[in-house]
Amino acid sequence: MEQPIRILVAKVGLDGHDRGVKVVARALRDAGMEVIYTGLHRTPEEVVATAIQEDVDAIGVSLLSGAHMTLLPRILELMEEQGIGDRLLIAGGVMPDEDVAALKQIGVAEILGQDTPPAAIGTTVAALVNRHRARAAVGGAS
Amino acid sequence: MTTGQLPLFDDDRRAAIAAEEAAWEAEELAAFLARQPEQRPGYVTRSRRPVRRVYTPADLGGTTFDDIGLPGRYPFTRGPYPTMYRGRTWTMRQIAGFGQAHETNARFRYLIEQGQTGLSVDFDMPTLMGLDSDDPRSLGEVGREGVAVDVIDDMRELFDGVDLEAISVSMTINPTAWILLAMYVAVAEERGCDLDRLSGTIQNDILKEYIAQKEWIYPIRPSLRIVRDTIVWSARHLARYNPINISGYHISEAGGDTVAEAAFTLANAVAYVEEVTAAGLDVDDFAPRLSFFFVSQADFFEEVAKFRAVRRAYARIMKERFGARKPESMRLRFHAQTAAASLTRPQPMNNIVRTAFQALAAVLGGAQSLHTNGLDEAYSIPTEFAMKMALRTQQIIAHETNVTNVVDPLGGSWYVETLTNELEAEIFRVLEKVDSLGGTVAAIEQGWFQRAEADFAYDVALRRASGEDVVVGVNRFVETGADAAQAVETHRLDPESERRQVARLRAVRAGRDATVVERTLKELAEVARDPAENLMPATLAAVKAQATMGEIVGALRDVFGTYVETPVF
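### Describing the overall build of chain B
Item 1. Across its full length, chain B carries 23 helices and 10 strands.
Item 2. In terms of C-alpha radius of gyration, chain B reaches 25 Å, essentially the compact-globule figure of 25 Å for 569 residues.
Item 3. Its C-alpha atoms give chain B principal-axis dimensions of roughly 85 × 65 × 45 Å.
Item 4. Across the 569 residues that make up chain B, the buried fraction comes to 51%.
Item 5. Here the analysis covers contacts within chain B between residues at least 6 apart in sequence; of these, 78% occur between residues at least 24 apart.

Structural data, given as structure tokens:
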């Protein structure tokens, strides 16, 4: 049987806006995923360490402090360094369009904007993880 | 019994009106509905409160004239002052803050030039959380969402050329509010200001941080003590200053519905009043300086009724629960801000219109000061242009619509009065519930407020997704392709700002007398160990010695510990 999707939902940086992240966590849980929520004010180091410990398929990071161009690249870098560069990083928050494009360029799998419907959050994340798993399986066979 | 204590409409008249309404329903209404049904099976407010098709005096029950009353008189339903905007227009207070102190200072001077009448400071996340700009956790956040303030030197520069006796200054700051208050007072002293002439506020509402905004440092009890100390100290030294701004805004933005916003805020107010009176202050010695902050959401009449209901509920609490005798202690004054979470990314110009209606609701609800959001805030902090548009929106309401000519113009509307009655009754039901849970602090510890917000927030997200709650440009009247882009220019922070602030802080550290800093911090920690002592004098000494925010916070962390939340979702 297909393994259920495990996802770590995290708030990095110093801002305390957790309304969105809690909606996302609940939406993913309602979509049948195993959701681990870190709570607020986590550092990139803490997030990546938890992701390894919990062996998740994806990390969903929410931040509304404006520090996304510092913290998200740092998380990607740590994921690579610590051997989980094959997992997905998904982000959410308030960010200008050009930053969204730049983040996708460097490897953030998706950016879920404000007002993404809860059901769409579930299907988007599931599609990303499943496509990723399929690719990994093909890659493993070759 | 005075005339004012009699129901506005006696039983016989209400029964007669109800009978007439029943006849109308059977005749005109029934015939009309048979031809053309209503668009929805039922109608509700933003908070899911069912509303009737039409209201009459029959809905007012036993409401007396004294429940509604007159402005500037108990129970203050119609406003805290007898003349309201005829006497003085609300304070147009656009919040600003980014980069280094000198950059924000320039924005302040611009806003004053544009006709703004009060200043409001937004601080960056490290300042809000008590970290110095060179702390590793501050990386990427210095000056980002607000201005960076590390030491008194920054505070000096922030208000350079601003007359602190003439303009009121609001500082949106919570767990570190007492430190910034000390810096502000120290700068005012240096300039020879009369402290009793300083006006403005620090937000300093730590309880709603645990409930909603989530900026905290220490556990709840010592944090409450810090708030107590600022209120007690200000009551003795700052005659016109509001040492706390008890805030519903964040409760609403974090997901709370209208009653939650009003009731949780009053539950917090009750906890502060209990804390300060327990320290030996008479309620009338500090309550006149308590101030409030609420959101103004999109549901126009529900918001107007909320402002009226919360004023009346507060008056009754202060009089009946706390035995206040001065009318000023029972009179709720509030700052309002339009709802940031209602702003949309698609079709951003629509946000100007949304904000204007929300601002109008705040004005008709009797706000003392108002911040209108920038059209671009679903993208980033606002540009100068966006802030100017937001300020112009207020100026148009104040000077072109004539809504300011009459006090509480919606008073007496059967709908608005009924909503006001319902909201007030529900506020008191929530307060009873909080008391039954053991009070505000216990309810926070049980996650009760937090769960209520998360539930409503999720509900709203589902209703928006289903289209049940219409958001123009998002789930209705959606534009695709090039039209949808309607790109806005966003505020870009000078990337060198963070590096410059770190350098500046290090230069201050290198140039100050380290032994004095160390001594004042040690003394502050000593004072902190005795809960009966007031932290303010020792904090003033520390900031004057150029101790940094991070150092002061650190000194007390050793005494108080840190807060760890158990998150609920």
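### A few points about the overall build of chain A
Item 1. Looking only at helices and strands, chain A has 5 helices and 5 strands in total.
Item 2. The linear arrangement of helices and strands in chain A, starting from the amino end, is β-α-β-α-β-α-β-α-β-α.
Item 3. The C-alpha atoms of chain A give a radius of gyration of 14 Å, which matches the 14 Å a tight globule of 142 residues would have.
Item 4. Along the longest, intermediate and shortest principal axes, the C-alpha atoms of chain A span 40 × 30 × 30 Å.
Item 5. Here chain A, with 142 residues, has 46% of them falling under the buried criterion.
Item 6. Considering only contacts in chain A between residues 6 or more positions apart, those separated by 24 or more positions represent 73%.

### Considerations on the nonpolar core
Item 1. Ile7, Val61 and Leu89 of chain A together with Leu180 and Leu266 of chain B are the most contacted members of the largest nonpolar core, which has 197 residues in total.
Item 2. A total of 13 residues in this core trace back to one element, the largest contributor, which is helix α10 (residues 258–278) of chain B.
Item 3. For this core, the domains that each give at least three residues are domain 2 (69–466) and domain 3 (500–560) of chain B.
Item 4. Setting aside residues up to four positions removed in sequence, Ile7 of chain A forms contacts with Leu28, Met33, Val35, Val56, Asp57, Ala58, Gly60 and Val125 of chain A.

### Some remarks on the interface of chain A and chain B
Item 1. Counting from both sides, the interface comprises 28 residues of chain A and, opposite them, 32 residues of chain B.
Item 2. Taken together, the elements giving at least two residues each to the side of chain A that touches chain B come down to α1 (19–30), α3 (68–81) and α5 (118–141) of chain A.
Item 3. In terms of residue count, α1 of chain A provides more of the side of chain A that touches chain B than any other element does, 5 residues in total.
Item 4. In the side of chain A that touches chain B, the residues fall into 12 nonpolar, 9 polar and 7 charged.

### A short note on the environment of Arg35 of chain B
Residues and elements named next belong to chain B.
Item 1. With respect to the helices and strands, the residue Arg35 is situated in helix α1 (residues 11–35).
Item 2. Assessed through the 6 C-beta atoms surrounding it within 10 Å, Arg35 is described here as exposed.
Item 3. Residues Arg35 and Val276, 241 residues apart in the sequence, show an inter-C-alpha distance of 62 Å.

### Comments concerning the sheet that holds strand β8 (residues 290–296) of chain B
Residue and element names in this part refer to chain B.
Item 1. Taken in spatial order, the 5 strands of this open sheet run β1-β10-β9-β8-β7, and their pairing is parallel. This sheet does not close on itself; its edge strands, each paired only once, are β1 (91–92) and β7 (244–247).
Item 2. Relative to strand β10 (residues 369–371), β1 is paired through 2 bridges, and the arrangement is parallel. In the strand pairing of β10, Met92 is matched with Leu370.

### Examining the pairing of β8 of chain B
Residue and element names in this part refer to chain B.
Item 1. Across the 7 residues of β8, 7 count as buried, placing the element largely inside the fold.
Item 2. Burial along β8 is two-sided: the residues Leu290, Phe292, Phe294 and Ser296 and Ser291, Phe293 and Val295 are all buried.
Item 3. Two strands pair when backbone bridges link them, and β7 and β8 are joined in this way by 4 bridges, in the parallel orientation. Bridging from a neighbouring strand, Ile246 pairs with Phe292 of β8.

### What to know about the confidence of the model for chain A
Item 1. Here chain A averages 91 in pLDDT, and 96% of its residues register 70 or above.
Item 2. When the elements of chain A are averaged for pLDDT, α5 of chain A gives the smallest value, 86, and helix α2 (residues 44–54) of chain A the largest, 97.

### Topic: the sheet that holds strand β6 (residues 241–242) of chain B
Strand pairing in a sheet relies on backbone hydrogen bonds, with the paired strands running either antiparallel or parallel.
All names here are of chain B.
Item 1. Taken together, 5 strands build an open sheet; the order of strands is β2-β3-β4-β5-β6 and the sheet is parallel. Of all strands in the sheet, those bounded by a partner on one side alone are β2 (95–96) and β6.
Item 2. Of the strand pairs in this sheet, strand β5 (residues 200–202) and β6 are connected by 2 bridges, and their pairing is parallel. Within β6, the residue paired with Gly200 across the bridge is Tyr241.

### Thoughts on the domain arrangement of chain B
All names here are of chain B.
Item 1. Along its sequence, chain B is carved into domain 1 (3–60), domain 2 (69–466) and domain 3 (500–560).
Item 2. Relative placement of domain 2 and domain 3: their C-alpha centres are 28 Å apart.
Item 3. Taken residue by residue, the interface counts 33 residues in domain 2 and 23 residues in domain 3.
Item 4. Contributing elements (two or more residues each) for the side of domain 2 that touches domain 3: α5 (152–158), α6 (177–190) and α8 (220–237).

### Notes on α10 of chain B
Item 1. Taking 1.5 Å as the rise per residue, α10 of chain B with 21 residues should run 30 Å; its terminal C-alpha atoms sit 30 Å apart, in good agreement.
Item 2. Summarising burial for α10 of chain B: 18 of the 21 residues are buried, a large majority.

### Details of the packing of helix α12 (residues 300–321) of chain B against helix α16 (residues 414–436) of chain B
All names here are of chain B.
Item 1. At a minimum axis distance of 8 Å, the contact between α12 and α16 shows a crossing angle of 55°. One way to sum up the angle between α12 and α16 is to call them oblique. Like other packed secondary-structure pairs, α12 and α16 cross with a definite hand, here right-handed. Contacts between α12 and α16 pair Phe301, Glu302, Val304, Ala305, Lys306, Arg308, Ala309, Val310, Arg312 and Ala313 from the former with Tyr415, Val416, Leu419, Thr420, Leu423, Glu424, Ile427 and Phe428 from the latter.
Item 2. Looking at the contact of α12 with α16, its residues break down into 12 nonpolar, 1 polar and 5 charged.

### As for the packing of helix α21 (residues 514–529) of chain B against helix α22 (residues 536–544) of chain B
Residue and element names in this part refer to chain B.
Item 1. Contact geometry of α21 with α22 gives a least axis separation of 9 Å together with a crossing angle of 165°. One finds that α21 runs roughly antiparallel with respect to α22. Crossing hand, α21 versus α22: left-handed. Between α21 and α22, the residues in contact are Thr520, Leu521, Glu523, Leu524 and Val527 and Ala538, Thr539, Ala541 and Ala542, respectively.

### Some points on α22 of chain B
All names here are of chain B.
Item 1. Taken together, the buried positions of α22 are Met536, Ala538, Thr539, Leu540, Ala542 and Val543.
Item 2. Along its buried surface, α22 packs onto α5, α6, α8, α21 and α23 (549–560).
Item 3. Just downstream of α22 lies Gln546, where phi reads positive at about 65°.

### Quick word on unusual backbone geometry
All names here are of chain B.
Item 1. Cis geometry is found at the peptide bond from Tyr74 to Pro75, where omega equals 0°.
Item 2. Take Pro75: it is sitting in the loop between α2 (65–68) and β1.
Item 3. Here the phi dihedral of Asn402 falls at roughly 65°; this positive angle occurs in a residue that is not glycine.
Item 4. Assessed through the 10 C-beta atoms surrounding it within 10 Å, Asn402 is described here as exposed.

### Here's the deal with the environment of Thr124 of chain A
Residue and element names in this part refer to chain A.
Item 1. Along the chain, the position of Thr124 falls in helix α5.
Item 2. The class for Thr124 is partly exposed, based on 17 C-beta atoms found within 10 Å.
Item 3. Separated by 14 residues in the primary sequence, Thr124 and Glu110 have C-alpha atoms spaced 8.7 Å apart.
Item 4. With near-sequence residues (within four places) excluded, Thr124 lies in contact with Glu110 and Leu112.

Analysis parameters
- Residues numbered from 1 in each chain as written.
- Chains lettered and ligands numbered in written order.
- Predicted model: local features only at pLDDT ≥ 70, side-chain atom pairs only at ≥ 80, totals over all residues.
- Helix = DSSP H or I, 4+ residues; strand = E, 2+ residues; numbered from the N terminus.
- Rg over C-alpha atoms; globule rule 2.2 N^0.38 Å.
- Buried ≥ 20, exposed ≤ 12 C-beta atoms within 10 Å, placed from the backbone.
- Contact = placed C-beta atoms within 7 Å.
- Core = buried A, V, L, I, M, F, W, Y, C linked by C-beta atoms within 7 Å.
- Domains from an automatic or database assignment.
- Nonpolar A, V, L, I, M, F, W, Y, C, P; charged D, E, K, R; others polar.
- Pairing = 2+ DSSP bridges.
- pLDDT = per-residue confidence, 0-100.
- Expected span 1.5 Å × (residues − 1).
- Axes fitted to C-alpha atoms, helices over the stretch in contact; angles between N-to-C directions.
- Parallel < 35°, antiparallel > 145°, perpendicular 65-115°, else oblique.
- Left-handed = near helix turned anticlockwise from the far one by under 90°.

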